[in-house]
Structure formats: C-alpha cells, structure tokens
Amino acid sequence: MANDSPHSTENGVAENAGGTQDSRKTIFVAGLGMVGIAFVEKVLNLDDAGRYRIVTCGEEIHLAYNRVALTEYFQHRSIEKLYLNPPEWYASQSPDRFTFHTSETVLSINSSEHTVTTSNRTIPYDYCILATGSEAALPVYVDPKIKGVFVYRNIADLEGLLAYASAGRGLNGKVAVIGGGLLGLEAAKAAYDLDTVSKVTIVNRRGYPLSRQLDAHGGEIVLRRIEAMGVEVLTNASPSGLITAQDGDGMYLTGLTMQDGSTLDCEIMIFAVGITPRDDLARASGIQCLASGKHGIVVNDHLETSAPDVYAIGECASWKGETYGLIGPGIEMADILAFNFTQTETSVGGFKKRQMNPPDLSTKLKLMGVDVASFGDFFAEQRLARSSSSAQALQVKKPSPATSAPLSHDQQDPNKSRDEQPHVSGAVFTSAQTNGPTLTVESSASSGIANSADGSGLGSEADKKADEKEGRKDASAPRKRHGAAAASEGPIETLTYRDPFAGVYKKYIFSADGKYLLGGMMVGDTSDYVKLVSLVKKKKLLEVPPSQFILGSNSGSEESGADLDDDTQICSCHNVSKGDIVACVKNGLDTLNAIKSKTKAGTGCGGCVPIMTNIFKAEMKKNGAELSNNLCPHFAMSRADIFNVVSIKKLKTFPEIMSAIGVNKDAVGCEICKPAIGSILSSLFNEHVMEKVHHANQDTNDRFMANIQRNGTFSVVPRVPAGEITPDKLIVLGQVAKKYNLYSKITGGQRVDLFGAQKADLPSIWKELIDAGFESGHAYGKALRTVKSCVGTSWCRYGVGDSVGLAVQLEERYKGIRSPHKFKGGVSGCVRECAEAQSKDFGLIATDKGWNIFICGNGGANPRHATLFARDVPPSRVIRILDRFLMYYIRTADRLMRTARWLESMEGGIEKLKKVVLEDELGICSDLEQEMDSLVGTYYDEWRSVVNDPERQKQFRQFTNTDERQPQIEQIVERGQPRPADWAKSFPPTHLKPEHIPTPKEKWEWRKLAKVSDLTPTEVGTTSCAVRYGDSQLAIFHVPRRGYFATQQMCPHKRAFVLEHGLIGDDPNTGALYVSCPMHKRNFTLATGDCLNDDSYSILAFDVKVASPDDEDSDVLVLLPSPDELDAVIGTSKWMVRRATAELLDRSSGGGIEIVGPDGLSMEGRTGEVVNGSAGCGTGGGVEVGCGDKKLEW
C-alpha cells in the first residue's frame, strides 16, 4: 500500500507524498459526509504509531453532519445541532495529522501521479479514499431548474424548500412527494410539519409505502397511520410529466400529469425516488465503474478500486455489483478500511486484512410517527415456491408454560404438541376473516435453494462460480449442511401478528423446525429489535417457542440488555456493541454523553439510545456506581428529599439548610444547589427573590428578574394572560420599545418579548409597564410561563368551551409559582386544538361533556406529546386536578426536570400518577390542594416590589463608581430593529495572567474603586458590584466569612462582560471560591482566575482590602497597575465583540481558521499580542491569547 515517490505541490515544490518531513503517509479523503468523517475518526483513533496525515475536502460549506436526521432540521433550523462533531473537535486536532477544507470540490484524480486537483489546489497523496456518497435520482422528464421542484438530500435542499414554502407561490402551497420509501416518508413528514404548507400528497407507484422493508400487511398499517394524519397517499400511481407556467423569472410548477391521464395540483414537488451513486469523479479519472447505465465505483473485497492506492467506501462504492444506501454498510466499510490501514502492521505483529462481507441491511426508524423495522432475510418467503405455502389464522393466546418445544413445519397450534395436531397433507389454509388481532402461521417449502438470512446468496450465480473454482463441477449437486446454514436453505414458517387497532404488525420468519430465526419486520412496536437482530446475525439456536417472540413473555420489566451477549450490536450506524458500552463504564466513563462521544453510539439515527441508556444504567449499578440523584456534592440527597426536609423543618434560608443537611455546614454552595434551593424556598414560602438572604441564591435571570441575553442586556416579557390584550396595552408596549430602543418579537406563548434592555433601565421600563396595567411575566424564572388559548366560544364558530376565560383563570392562579423547571399550559375550545394543548405541561381540550386534561407534554429540544390524564372532566373539577398534579410535581421532581421527563422516570408511569392524583391512593390530595392554595395566596408582583423600593433599584446600576454606561457588544440594525453583532462560532482559547502586564505586581498600587455600601454586604449571602477603571471593567465580590475579592468583568469564553452577575460557589474538595459565568457556566477561581472546568481560559484576579469592613462608608481598595497598562490587556474597547469579529474569526484559509490582525496580515508567529476587540487580534501587553495558536490552524 505504500508509495514513497515525491510529488509536486501546487506551487511546484517537490515534497514527500506524506506532506511532512517525518515520512507520514498522506491519506486524502474525497468527501466530508457521514462515512468520510467516520473513516477519518477511526484512523485518527487507531493510528497510534502516527503513520498517517489525513487531508479531506467537502464540497458543502458545512462540517460533517447527520444526514439521517435531516428532518429534525425543520424543527430547530440549526445545522450545529446536526454536526457529528462540534467545531471544537476539529480545532483540537493536530494539523500534522488532520487538515480539512470545506466548500471545496474535488475535480480530478491523477492516479499515476498520486495527486488530486480540487477547485482551489492540487494535493499529493499516498492513498486516496473516495467517499463521494450519492445524489438524488430524478426521472428524465424532470427539470430541476423549474421553481418548485426539489429533492431531499442535503441542507441546501432543505433551505431551498423552506425558503420557497415561506414566500411567493410556495406559501400555503400544496406539496406532492414522489416516492413512498424511507426517504419519501421523511420528506413528507418534513413538509407536513411546515405551517406554510396547506396539503401534502404522497405519490407511490406501489400499492403501499415502504415496499422494500415491509410486505403488504405491514405497509397497510403504515398507510393507515399516514392517512390518519391528514396526508393523502396515492398508491399504484406514477407521474409522467410536470405542469408548469411561465413568469418573468422562468418556469414554475403548478401540477403533475399522471400516467393514467389525470392531473394533480401542486406548487411544490419533492422527488424521493431513490439515489444515484456519485461516481462521476471516478469515471472522469479513468477508474472502473459499473457499466450499462448503472452507477457505482467498482471495489474488491478490500475496497480497492481499479486504480492503485485508490479506495471507495459508502454509497458510491459498488461491491459485487451492489451499492448500499444505508449508513450502516458505509460505516462498516470505513471500519474495515481504517483497520486495514492501521492494524495489519503493528508493533505487536501483523494481522490479516479485513474483507467486505454481506452487510446487515436491518433498519429501525420512526417514519411519519410510526416505528418501523426490518431485519435479517425479511423477504425470504418471496423467494420460495408459493405452490406449497399455507396459512391459517389462529386465536391469540399465551403458549402453555409446559410447552417449550419449538414449532415444527407441520405444527399449527403453538399450545399443543405435535401429537395433538390435526394432520394436514397438501391442504391450503387462508386467514380467517376477523376484526381483532390475529396470529398467523405460514409455512413455505422451497422448490429450490433460498438465499441465506445474511444475504450471502447461497445457490446464486456467485456460488456456482465458487463451486467451479474449487473443483465442484456440478454446482447443483447437494451439499450437506447443518444447523443454521441448513435452516436458511430449507423450508420456512412465518408467525404473523396483526393488530389494526393498536397499529401493530409483526412478521417473523423461522426455519421450519422453529429452531432458528431468519428475519422479520415490525410496525408500531419495535421494542425487541436489537435482541432479534442479534439472534439472526449470530444464527443462535432459539431457547423459547417461536410464539413467544410474537406474544412476548409479558414480564413487564424494563429492557436492560442483561440477556444480550457482549458482542451484540447495539448501534448499527457505528457498529457499537454492548461490550463496547460495558467497557466504557468499566473504564470510568460515568455519563451517557461521555459514552456517546467515545463510541459514537446514538449519534446516527438515534434509534439505539433507549437500549443504550438501559445498558448504561444497568452497568453503573452492577459496578457499584449507580447513578446518584444527589443534588450536588454539597448535599447528599435528592431535590425531592431536600424539599421534604425543608418543608417539615420549616427551614427558610440557604444558610439554615446548609447547616442542617449540607455535607459541609460552612460551605458556600455552588451554581447547582443555590438556584435549586432558591426555587424550593420560593415554592414553599415565596419570599421576594431580592431579599438579602435569597438574592445570592438566584441565577442571573431571577436575580434581575429579566432574561440575560448574549450582549449582557436583558429581555423584558410582561404577562399577557391567555394572549388577550387591549389596544391601549399594545400601544404602551410599542412606546416603551421605541423609547428604550428595544428589539420586539411575538413569542410562541402569545405575548411580546422586548430585547436589549440595559440593566440600569429595567426598573424604569417596569414602572411604565406597571402603570399601564402590566405585571411580571416570569419569563426569567423556572415558573409558569403562559397558558396559551384559542378564542374558543368567544369568537370561533366551532368553539365548544370558553378557552380564553379558562386560560385567563389558570394563568392568574398559577402565575409566579416556582417549580423544578418552567411549565406551560394550553386550552383549546374544541378538538381542532388550535392552542396546541397537547404539547404543554398541562393542556385542556373542550368536549361536549367537559374538558379532557392532558399532562406532561412539552416542545423544545426533546419534544413529547402530552398524555391523556382525565376525560370529560366537569369544569368545576379542572382546577383541583391541576392543583394536585402541579404540587405533586413541585414536591417530587428532580432539579431542572420537565414534567415529561418526570413522568417518564416515575415508577409506574401514568397509571401510578392517576392513582395518586385522581384516586388519592396516598391520601395526600387534600394536602396538595391546601399547599397550592397557600402558595397561590402569597403572590405579589416582583417587578412592582423593585419599582417601589429605591434601595433595591441601586443594585441595577451598571457601575457603582460612575453613572456612565458602556456598551458590551456592538449594536447593529437588521430588518429595522437593533440587535447585537454576531458572536464568532468559536473564540480562541484565552489565558490572561498578571505577568502579561509590564509592571510587576509588587509595584502595583492600591486604588479606591468602591464603598462597602456599594456591595450591600451581608452575612447571609454573597454580594457583588461592577466598577469601571479606565477602559477596563472589574467585578468585586463579598463572601461572608471569607472577605472581598475582585476579578475582571469579562468572561473570555464569549467575551461577555457579565461575571459580576455570576453565582459564587466553592469547590467541595478544596474549598476554593469561584464565580460561575452566567452565560455558559465557566467557573473561575476568585483567588487566581484559573478556570476550573475549561482549561482553555483563565482571567485576571486582583487583591482587595477594606480598612473597616463594618463601616459602610469605608473604601474598597483593589491592587492594580496603571489604567493604561490594564486597558492594554483587558480594556473594553479591545475585547468588545463587533460585527467584524465573527467574520474575521470565522474566516478560513487552507481548510481551517487563520487569525488575521487588524493590519490584514496573518497572526501566525505573533505570539506576544493581545486580541483586539474590534478585529479579533491586537497588540500590547505581551499576552498570548490564541492568535497564531496552532490549535486553530486546522
């Protein structure tokens, strides 16, 4: 595999193909997709000897992302959430080992010279890997340039679709999706979820969807579910042409003509009729590809192409005449090739090269809300002679415990022995007509030799050639086979379960003697998928009757994976076994995210996450490291236990609680326990969050009763109950926004959000809103946000219930109530559900008999459909049921746990919750109601309490030593409204140290910056203030019994001047005090400025002294250099994020980020300079903060 000849670079300088002087071989990877990056990761992980340098090019502007999860992009519209690795991962790679280029297309390969030419450069290689993927197939009658015609393949396709569907002719248009396969249903779901689409129609040439994964019965179940959603499905239909019209900009789509002569109106058409391997680069470079109009780069068992040192993997590769469109086979190819590059010659000896074997084509997906899976040889019976097939419908009942023998090919009743069976010879049975669930046993005898379950093609032409090669002239001569091999070739029997009411269909294929599982398909219930795939792949002898696979053992226990072998594949996308997960736990990885990062399991389609989570939990428990639900290291008990102790003992302050139940009675606490206990105290006693004893416990949002934004300003959201608002109040909102130059936006909760309020202006803004009749909307707290409503009977002609009136009543009742996490409500006046009540923590939908109550739903990053809790509830009973539900949630949930996750983790689930709340199983319903009544009775408007208290208003000053204000981020105007300039995607690592200041610390001077009274010190909680010193901003802190501290105000992670707002905590092991940045929780020690949880950053910390701490007029002195010297290091104007910052830091050159100074020259080698806020790099002070940092030269 080696080639040591020198090659020419783009500037004509000859160098070794490895690209470095240490003889590293260069592997060039064409394609930065899922398979390409998988290969890169595997080589980097396996190449312990450092033999290779990898260079890759991706033609898209984005880093490698999860194409399997494309549909999720419609929900969050964030490409970063689809990235397979965060940008930080790329930055952390050594450029000597890995370099990448985005927005760069490979144009040609010169295999004789071992070079590739891209749109930007010529790159020499030792080995070239083609991972070019595939593109969407289009019929010959389709012109992709016609407006309204789309495919569903990458982010650019989705963005084009979104843009067209949200404006012009596409707005409120009808969508036709051509194709009813996996990709077609994904595209249909994405279009269905768009609010700007009026109708979705799927056009499928087969009689049912997913015809490559399911048979007609399974496809019918899926078809019914799709149609129940309101999506039209045209089966046995194919379009023959497009109907278009002309405008000034060209042709646009208006409909389709069908092969039967009919037409279908549509403004948008999405083609999902298959994929075409991208072999154009290989063909143009003279590399062998499939002929006769077929596509695919021909590879052998080692994935080598016809060109020397050129390989192909993924969808573009054709192995034995087959290409594979699933991610699993592509990852397997990447795994094989990475192994062969790194493991065949090692320091501990050689190893035989791995070869490509028939891949596992099992799939498990959720399509259009339906769980679908197929595994093994799921179409085995279609290859067997139909003349001897038979079927009989049986009544579904449990197999007798005494019957453990497997079904044989002539045994129809699984509950009887073979001797008890009626003998049937040559008869054909058909399924009985029944409306209920049916269990069917079908037997098929082969008239020839069937293909094996693993797809190896026994009896195929390939086998005949193999026979001839090995001297077996008569390929038809019988060969004796045993066990699973014989089972896969012989007659088969199938067990089928169909439940149209639950939308469940299962069909499992067994050997005729019932000893082996060969394959199957599932719709609606795929819980046994991992276990069954393992049985098929291992060809394991079955230990239970086949009927038990359909009916189950009904143990009721959660699937923990305990009965799975260690080599059972859990994640098929990345070929991760149960043993891999077990090994991670044994090696000290104690979080699921850490295991995902290590193994990549769960980062593909995500279908393995549930079983992976259960295995992780079981292994943690087995190793004596059961997941702790302790609140934090300061408290050795859960939030629910702390809540009960605080309630029973009537503990009313954080110091009292720490003293009573804390691990260290004198501890300060941390950013986890302080807000959590602050929330508990509010839920029980509801004293004002700005009381001295409580203020130090609040996260920044609660501390200033507004939501902090990324530029250090705040957003203000007044309460608008049920979204009902008068014109006068709307006018006031506009006037306030205009007066204070605020960005205005309507929220999803039917109220108005005003962004960009400076901290010092908050009391004044609140006063104007309060004078107009508004009050706090508590958008800043873990509390009730809104109760959304439709207009109900007030206006709607379909209205059944007064949704507005009830929503107003509920919002007025629960406003201000603190809880473990935020919660939302919704009330819909009829079953049309315009208020989206079934996506809320509690929701009500009017029926002709009362209200249906739904609970524990939520949107957001992990959406969950609400569960029907009580049906047809009389209006007078609704509030009491909700009182009990919410109070029980407040009592028992863990910190930051939404109601959805709370219910999922509850032992007994929804049935248990019904018994507690509706049936009063625990006898606490009266207590829950009284607690809610008491809590509701303590309500007051938190904003008004500040407006009426001048002393509290002082805490809203930007600086205590000057009334001047200083912007934190450059403000720009977009669409007529102000907003902060963009952050860079990532800022360089930054370490600020005292030694970067020219004057040594022993020559600094004590500077008077504040009075003791400015910090409002107290012995029951920490306090802080910000001061201005020259152009620099400092934060000063007082910690009871520990003294005064000072740091810079800016957190270097995002260059945010907010540290004074952060919570103060102490390390439970060392006692070191730290401030936790309110933006992203970087924790900086107050003594040294070191970051405890991210070694990429550190800040300046300063000594503080106070002559008379008990005297409010005493000066607070800080040991500092001169203002000019400090400004050169941490001056606001140098660090403030401006519009140019993101553009500069995000600029890439040579495939990576190159930091450029204000003079336009590269910063490489300028190691003694400070970052300049206006351009990203600056000079002065001798500080090295990342400019020219090798980590950024990817």
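Residues numbered from 1 in each chain as written. Predicted model: local features only at pLDDT ≥ 70, side-chain atom pairs only at ≥ 80, totals over all residues. Heavy atoms only, no water.

J.: So what's going on with the overall build of the protein? Residues and values would help.
T.: In terms of regular secondary structure, the protein is built from 32 helices and 60 strands. Put simply, the protein has 1194 residues, and 55% of those count as buried. Intrachain contacts of the protein at a sequence separation of at least 6 include 64% that bridge at least 24 residues. When the accessible area of the protein is evaluated, it comes to approximately 51,400 Å², of which 48% is carbon and sulfur surface. (Helix = DSSP H or I, 4+ residues; strand = E, 2+ residues; numbered from the N terminus. Buried < 20%, exposed > 50% of the residue type's maximum accessible area, 1.4 Å probe, protein only. Contact = heavy atoms within 4.5 Å. Areas by Shrake-Rupley, 256 points an atom, 1.4 Å probe, with all protein chains shown as cover.)

J.: Can you lay out the side chain of N852 for me, pointing to particular residues and giving the numbers?
T.: Among the structural elements, N852 can be located in strand β41 (residues 850–855). N852 sits in the buried class, given a relative accessible area of 11%. A polar contact is formed between the side chain of N852 and the backbone nitrogen of D872, at a distance of 2.7 Å. Not counting chain neighbours up to four residues away, the residues in contact with N852 comprise G843, L844, I845, T847, L868, A870, R871 and D872. (Polar contact = N/O pair within 3.5 Å; in protein donor to acceptor, adjacent residues only side chain to side chain.)

J.: Kindly report on helix α13 (residues 578–586), identifying the contributing residues and their values.
T.: In an α-helix there are 3.6 residues to a turn, and that puts residues three or four apart on one side. Residues of α13 that are buried include every one of K578, G579, I581, V582, C584 and V585, and no others. Against β32 (569–571), β33 (576–577), α14 (592–599) and α15 (609–622) lie the buried residues of α13. Just downstream of α13, G588 is the residue with a positive phi angle, here 100 degrees.

J.: Report on the sheet that holds strand β47 (residues 1023–1029), specifying residues and quantitative values.
T.: What the 4 strands build is an open sheet, ordered β47-β48-β49-β56; its pairing is antiparallel. What marks the edges here is a single partner per strand, and that holds for β47 and β56 (1101–1102). Bridging between β47 and strand β48 (residues 1032–1039) involves 7 bridges; their strand directions are antiparallel. Residue pairing across strands places A1026 opposite A1035, the latter belonging to β48. Helix α30 (residues 1123–1130) contacts β47, β48, β49 (1043–1048) and β56 of the sheet and is inclined by roughly 95 degrees relative to β48. (Pairing = 2+ DSSP bridges. Axes fitted to C-alpha atoms, helices over the stretch in contact; angles between N-to-C directions.)

J.: So what's going on with the sheet that holds strand β38 (residues 784–789)? Which residues, and what values?
T.: With mixed pairing, the 5 strands of this open sheet are ordered in space as β38-β39-β40-β41-β42. The sheet is open, and its two borders are formed by β38 and β42 (867–873), each paired with just one other strand. Across the sheet, the mean angle separating the axes of adjacent strands is 15 degrees when strand polarity is ignored. Pairing of β38 with strand β39 (residues 823–828) involves 4 bridges; the strand directions are parallel. When the sheet's bridge partners are listed, L784 is paired in β39 with F823. Taken strand by strand, helix α23 (residues 803–814) contacts β38, β39, β40 (842–847) and β41, and its axis lies near 175 degrees from that of β38.

J.: Outline the environment of T568, listing residues and values.
T.: Within the secondary structure, T568 is located in the loop between α12 (547–551) and β32. Sequence-wise, T568 and D580 are 12 residues apart; in three dimensions their C-alpha atoms are separated by 9.7 Å. Other than its neighbours up to four places away in sequence, T568 contacts V530, S534, K538, V576, S577 and K578.

J.: Describe unusual backbone geometry, and please don't skip the residues or the numbers.
T.: The phi dihedral of S103 is positive, around 55 degrees, even though this residue is not glycine. Even without being glycine, R1055 reaches a positive phi, approximately 55 degrees. Among the secondary structure elements, R1055 is positioned in the loop between β50 (1050–1051) and β51 (1056–1057).

J.: Can you lay out the nonpolar core for me, pointing to particular residues and giving the numbers?
T.: Buried together is how nonpolar side chains tend to be arranged in soluble globular proteins. I27, F28, F39, L130 and I313 are the most contacted members of the largest nonpolar core, which totals 142 residues. With near-sequence residues (within four places) excluded, I27 lies in contact with F39, V43, Y52, R53, I54, V55, Y127, I129 and F341. Grouped together as the second largest cluster of nonpolar side chains are 66 residues, L810, L844, F869 and L903 included. (Core = buried A, V, L, I, M, F, W, Y, C linked by side-chain atoms within 4.5 Å.)

J.: Provide a residue-level description of the packing of aromatic side chains, including the pertinent values.
T.: According to the stated counting rule, one finds 27 aromatic pairs in the structure shown. Pairing Y888 with W902 gives two aromatic rings, centres 5.9 Å apart and planes at 65 degrees, and the pair type is edge-to-face. In this pair, Y888 sits in helix α24 (residues 875–892) while W902 sits in helix α25 (residues 899–905), placing the two residues 14 residues apart along the sequence. In this pair, the class of Y888 matches that of W902, namely buried. Each member of the aromatic cluster is reached from another via a ring pair, and the members are F39, Y52, Y127, Y311 and F341. Across the ring face of Y252, the terminal group of R169 is positioned such that the distance to the ring centre comes to 3.7 Å. The side chain of K652 reaches across the aromatic face of F685, ending 5.1 Å from its centre. (Phe/Tyr/Trp six-rings, centres within 6.5 Å; stacked < 30°, edge-to-face > 60°. Lys NZ or Arg CZ within 6 Å of the ring centre and 35° of its normal.)

J.: Describe in detail the packing of α13 against α14, supporting the description with residues and values.
T.: Where α13 contacts α14, the axes come no closer than 10 Å and their chain directions differ by 120 degrees. What the angle tells us is that α13 and α14 run oblique. In the packing of α13 onto α14, the handedness of the crossing is right-handed. Across the interface between the two elements, I581, C584 and V585 from α13 touch I595, K598 and T599 from α14. Taken together, the residues of the contact of α13 with α14 break down into 4 nonpolar, 1 polar and 1 charged. (Parallel < 35°, antiparallel > 145°, perpendicular 65-115°, else oblique. Left-handed = near helix turned anticlockwise from the far one by under 90°. Nonpolar A, V, L, I, M, F, W, Y, C, P; charged D, E, K, R; others polar.)

J.: How would you explain the pattern of salt bridges if you had to name every residue and give the values?
T.: Evaluated as defined, the whole model comprises 58 salt bridges. One salt bridge connects K815 with E812, and the closest N-O pair in it is separated by 2.6 Å. Judged by relative accessible area, K815 falls into the buried class, the value being 10%. The class of E812 is partly exposed, set by a relative accessible area of 34%. Notably, a salt bridge pairs E929 with R880, separated by 3.9 Å at the nearest N-O pair. Within this pair, whereas E929 is found in helix α27 (residues 925–936), its partner R880 is found in helix α24, the two being separated by 49 residues in sequence. Among the charged side chains, a network of salt bridges with common partners joins R813, R880, D883, R884, E929 and D933. (Salt bridge = Lys/Arg side-chain N within 4 Å of Asp/Glu carboxyl O.)

J.: Lay out the environment of I123 with the relevant residues and their values.
T.: Inspection of the secondary structure assignment puts I123 in strand β8 (residues 122–124). Take I123: its relative accessible area is 7%, and that puts it in the buried class. Along the sequence, I123 and T26 sit 97 residues apart, while their C-alpha atoms lie 9.5 Å from each other. Non-local contacts of I123, meaning those with residues more than four positions away in its chain, are made with F28, V55, C57, H114, T115, V116 and T118.

J.: How would you explain helix α11 (residues 529–538) if you had to name every residue and give the values?
T.: Most of α11 sits out of view: 7 of its 10 residues are buried. One or two steps after α11, the chain reaches K539, where phi turns positive at roughly 55 degrees.

J.: Please provide a residue-by-residue account of the pairing of strand β29 (residues 492–499), values included.
T.: Walk down a regular strand and you will see the side chains alternate between the two sheet faces. Most of β29 is tucked away: 8 of the 8 residues are buried. Alternating residues of β29 divide into I492, T494, T496 and R498 and E493, L495, Y497 and D499, and every residue in both groups is buried. Bridge count between β29 and strand β30 (residues 504–511): 8 bridges; the pairing is antiparallel. In the sheet register, D499 faces β30, and the bridge partner there is V504. Linking β29 back to β30 in an antiparallel pair, the connection comprises 4 residues, with G503 at a positive phi of about 70 degrees.

J.: Outline the pairing of β47, supporting the account with residue identities and numerical values.
T.: When you tally the buried positions in β47, you get 6 out of 7 residues, the bulk of the element. Between β47 and β48, which pair antiparallel and follow one another directly, the connecting turn spans 2 residues, one of which, G1030, has a positive phi of 65 degrees.

J.: Run through the packing of α24 against α27, naming residues and quoting values.
T.: With their axes 8 Å apart at the nearest point, α24 and α27 run at an angle of 90 degrees to one another. Judged by the inter-axis angle, α24 sits roughly perpendicular to α27. Touching R880, D883, R884, L886, M887, Y888 and R891 of α24 are C925, D927, L928, E929, E931, M932 and D933, all from α27. Residues of the contact of α24 with α27, tallied by class, amount to 6 nonpolar, no polar and 8 charged.

J.: Mind laying out the confidence of the model for the protein, listing which residues take part and the relevant values?
T.: Confidence in the prediction of the protein, expressed as mean pLDDT, is 83, and 83% of residues score 70 or more. This stretch, residues 1–21, has a pLDDT under 50; its non-local contacts, to residues over four places away or in other chains, come to 46 contacts. (pLDDT = per-residue confidence, 0-100.)

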